[in-house]
Amino acid sequence: MEPSTRIAGLLGGGDDGWSVFNRARAMIAAGTPVTELTIGEHDIRTAAPILQEMHRATLAGHTGYAAIPGTKALRDAVARRVLYRTGVATTSDNVMITPGGQSALFSAHAAVTDPGDVALFIDPYYATYPGTIRGVSAIPRSVKAHAENAFQPRPSDIDDAAADARSLLINSPNNPTGVVYSRETLEGIAAVCKQRDLWLISDEVYDTQVWEGTHISPRAISGMAERTLVVGSMSKSHAMTGSRCGWIVGPQEIIAMMINLATHTTYGVPGFIQDAATYALMQGPELENEVGAPFRRRRALAKAILARQNTVSLVPAQGAMYLMLDIRATGLDGGKFANGLLDAHQIAVMPGESFGTAAAGHVRVAMTIEDSAFESALATLCNFAASKACGTARKDRAAPAFSDV
Ligand code: PMP
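Residues numbered from 1 in each chain as written. Predicted model: local features only at pLDDT ≥ 70, side-chain atom pairs only at ≥ 80, totals over all residues. Heavy atoms only, no water.

Novice: Is there a simple way to explain the pattern of salt bridges in this structure?
Specialist: For the structure shown, the criterion picks out 22 salt bridges. In this structure, R141 and D164 form a salt bridge, with 2.8 Å as the shortest nitrogen-oxygen distance. Of this pair, R141 sits in strand β4 (residues 139-144) while D164 sits in the loop between α7 (155-161) and β5 (165-171), placing them 23 residues apart in sequence. Residue R141 is classed as partly exposed on the basis of its relative accessible area, which comes to 29%. Under the relative-accessibility criterion, D164 is labelled partly exposed at 47%. Through salt bridges with shared partners, a single ionic network connects D43, R297, R298 and D371. (Salt bridge = Lys/Arg side-chain N within 4 Å of Asp/Glu carboxyl O. Helix = DSSP H or I, 4+ residues; strand = E, 2+ residues; numbered from the N terminus. Buried < 20%, exposed > 50% of the residue type's maximum accessible area, 1.4 Å probe, protein only.)

Novice: Would you take a moment to explain the site of the ligand for this structure?
Specialist: Close contacts around the ligand come from 15 residues, with G101, D203, S233, S235 and R244 the closest. Interatomic distance of 2.5 Å between a side-chain N/O atom of D203 and a nitrogen atom of the ligand. The contact in question runs from an oxygen atom of the ligand to an N or O atom on the side chain of Y206, over 2.7 Å. In the complex, 93% of the free accessible area of the ligand, which totals 400 Å², lies under the protein chains. Contributing elements (two or more residues each) for the shell around the ligand: α5 (100-112) and α9 (234-237). (Near = heavy atom within 4 Å. Polar contact = N/O pair within 3.5 Å; in protein donor to acceptor, adjacent residues only side chain to side chain. Areas by Shrake-Rupley, 256 points an atom, 1.4 Å probe, with all protein chains shown as cover.)

Below you can see the structure in the form of structure tokens.
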């Protein structure tokens with residue numbers, strides 16, 4: 001039996017970017033300890049009071065089918081949070097609760113694209129983006145953000161790709177680069193969306209992880225609320241990755257249609273998870289700051305280590321739980337560097353090439369292990385890079401192409 005071309009082609013046929021990660025997991029399964037700096041999973045677990053609320057809700061009987069759009073209490077809590085953080089008028093009618101941000105990304109694309117429509121996204125990108133777009137039978141088209149522009153996308157590049165496009169997906173604070181889009185970038189993007197009549201899907205799952213500057217939601221830019229769908233999640237802000245609880249915020253009419261989609265796909269999010277999420281959101285920014293604190297601390301540790309050497313350079317990043325390191329001075333691409341580091345020192349990082357072509361020659365380091373182990377792994381990474389760069393420099397010195405040798 002033939003599967004649909006949609007499902008058969010979901011990954012687009014190329015390398016799915018997970019080969020270093022899979023090798024690391026295989027080494028671990030075979031008994032070799034590996035320092036994993038790969039995926040965006042906190043090294044702390046969901047806080048006990050949130051779990052106690054989840055437990056209370058199960059015992060209180062919130063274990064049947066829950067309200068499909070989300071409970072009123074959770075939709076209200078999300079609306080209040082969005083109003084507090086962005087100043088944009090938001091009610092529960094603007095909110096649908098989803099099983100995580102990933103489901104929200106799928107629903108958002110299903111809601112704004114038809115089969116065969118072009119959906120834009122920015123490269124480097126979170127690994128699931130192209131597959132999510134293919135999953136709704138739209139056509140993913142990437143727009144590069146360049147290392148020399150500190151990975152801020154250029155609105156003119158988006159405009160060049162937008163003539164026949166229906167939507168644009170952006171992500172700030174950004175995974176994998178850690179870049180927080182500037183007001184100038186977002187104003188430029190908003191202007192292109194209005195000019196080209198694009199839907200904007202704004203993935204803001206890292207909105208609480210901003211270490212420098214401020215996060216601006218493009219929904220707050222004049223004229224954007226009517227064409228913007230914001231994707232949010234409890235995963236990163238509250239260390240609730242396994243609870244699968246996220247949301248979409250957008251215009252009431254399209255949210256109502258997405259609720260129809262949820263009825264025919266996910267049938268909502270478990271009630272006891274929603275009660276725990278409501279409780280967590282009601283704790284306000286204090287808990288969010290606590291969850292983000294280890295990444296803020298490790299980023300400062302990393303900056304100090306990186307300042308003591310000159311082979312590896314840090315992409316000027318302001319947020320999220322990752323560091324994007326430029327390792328081009330080693331002469332290696334991200335894949336060779338990451339595989340070499342894994343073989344030589346059993347440290348696993350993600351090649352920049354796992355996130356598209358724009359981050360080639362980079363590696364992404366997740367700041368997701370305990371401080372002293374993180375410091376020591378990063379110092380080893382820097383030494384490894386320096387040893388490779390030395391080799392390159394020696395080879396270069398021997399090369400006749402240089403006029404001074
Ligand atoms: N967007 C981005 C940029 C992410 O990094 C992730 C998870 N790593 C997600 C969305 C999805 O997160 P979740 O489904 O856990 O909310």
